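Notes for the structure review
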Amino acid sequence: MVVYVGLLWVSVVMIPTCTALPTQAESTRNTINYITRTTLVHISRIDPMGMASPPIPVEPPTIGDLNSISQYLSLLEAELKGLRLESLAQIEADVSSLNGFVRHLAETLHCLLDADQPVWVGEERFPVTRWHECLRKVQVYLEELLRHTDQLGAC
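These lines cover the structure that appears in this document, whether it is placed above or below. These numbers come from a predicted model, not from an experiment. (Residues numbered from 1 in each chain as written. Predicted model: local features only at pLDDT ≥ 70, side-chain atom pairs only at ≥ 80, totals over all residues. Heavy atoms only, no water.)

1. Overview of the overall build of the protein chain
Helix and strand counts for the protein chain come out as 5 helices and 0 strands. Across the protein chain, helices and strands are ordered from the amino to the carboxyl terminus as α-α-α-α-α. Per-residue burial for the protein chain yields a buried fraction of 34% across its 155 residues. Contacts spanning at least 24 positions in sequence make up 86% of the contacts within the protein chain whose residues lie at least 6 apart. A total accessible area of about 9700 Å² is found for the protein chain, and carbon and sulfur atoms account for 60% of it. (Helix = DSSP H or I, 4+ residues; strand = E, 2+ residues; numbered from the N terminus. Buried < 20%, exposed > 50% of the residue type's maximum accessible area, 1.4 Å probe, protein only. Contact = heavy atoms within 4.5 Å. Areas by Shrake-Rupley, 256 points an atom, 1.4 Å probe, with all protein chains shown as cover.)

2. Description of the side chain of T36
In this fold, T36 is placed in helix α2 (residues 24–46). For T36, a relative accessible area of 0% corresponds to the buried category. Apart from the residues lying within four places of it in its own chain, the contact partners of T36 are L98, L142, L145 and L146.

3. Here we look at the environment of R130
Among the secondary structure elements, R130 is positioned in helix α5 (residues 127–147). Judged by relative accessible area, R130 falls into the buried class, the value being 13%. For the pair R130 and E79, spaced 51 residues apart in the sequence, the C-alpha separation amounts to 9.3 Å.

4. Concerning the nonpolar core
Grouped together as the largest cluster of nonpolar side chains are 29 residues, with contacts concentrated most on I69, L73 and V138. Listed by contribution, the elements that provide at least two residues to this core are α2, α3 (66–83), α4 (89–108) and α5. Excluding anything up to four places from it in sequence, L73 contacts V95, L98, N99, V102, Y141 and L142. (Core = buried A, V, L, I, M, F, W, Y, C linked by side-chain atoms within 4.5 Å.)

5. Describing unusual backbone geometry
Residues other than glycine seldom take positive phi values, yet H110 does so here, at roughly 60°. Among the structural elements, H110 can be located in the loop between α4 and α5. Owing to a relative accessible area of 71%, H110 belongs among the exposed residues under this scheme.

6. Quick word on the packing of α3 against α4
Contact geometry for α3 and α4: axes closest at 9 Å, N-to-C directions at 160°. It follows from the interaxial angle that α3 and α4 lie roughly antiparallel. Considering how the two elements wind past one another, α3 and α4 form a crossing that is left-handed. When α3 is examined against α4, the residues L66, I69, S70, L73, S74, L76, E77, L80 and K81 are found in contact with a partner set consisting of I91, E92, V95, S96, L98, N99, V102, R103, L105 and A106. The residue makeup of the contact of α3 with α4, split by class, is 11 nonpolar, 4 polar and 4 charged. (Axes fitted to C-alpha atoms, helices over the stretch in contact; angles between N-to-C directions. Parallel < 35°, antiparallel > 145°, perpendicular 65-115°, else oblique. Left-handed = near helix turned anticlockwise from the far one by under 90°. Nonpolar A, V, L, I, M, F, W, Y, C, P; charged D, E, K, R; others polar.)

Written out as structure tokens, the structure is:
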């Protein structure tokens, strides 16, 4: 009988402290990392040359708090929508989903987010260059986001 009480005590008191399920914020951060990596794979499949023709220098904005990340992802999403190309539909969906998870993480952490700013994306004369530039912006920003995943908790 003492053995059963001992096992019951271990299973009720000790085991929950030894293993813990990830919190909702940790789970959302993991999902953000997963979507970011998946989107980078999708970009590499669209342009297997790695945007090397021609190389377009892009300076990513600094990764700041969740609000600035969400604002820039909204801008990238608007640019992708402005291109209206079926080949970019998956990338657009990925960026939109990523932005949704960033906003969800901010809500989970009780961060205040600015409302999305309306973005005007004008018609360009050189759609192929714009296509390369937009994909390059997304790629560089997501690579930067992966390098700074520790900032995914800053309001």
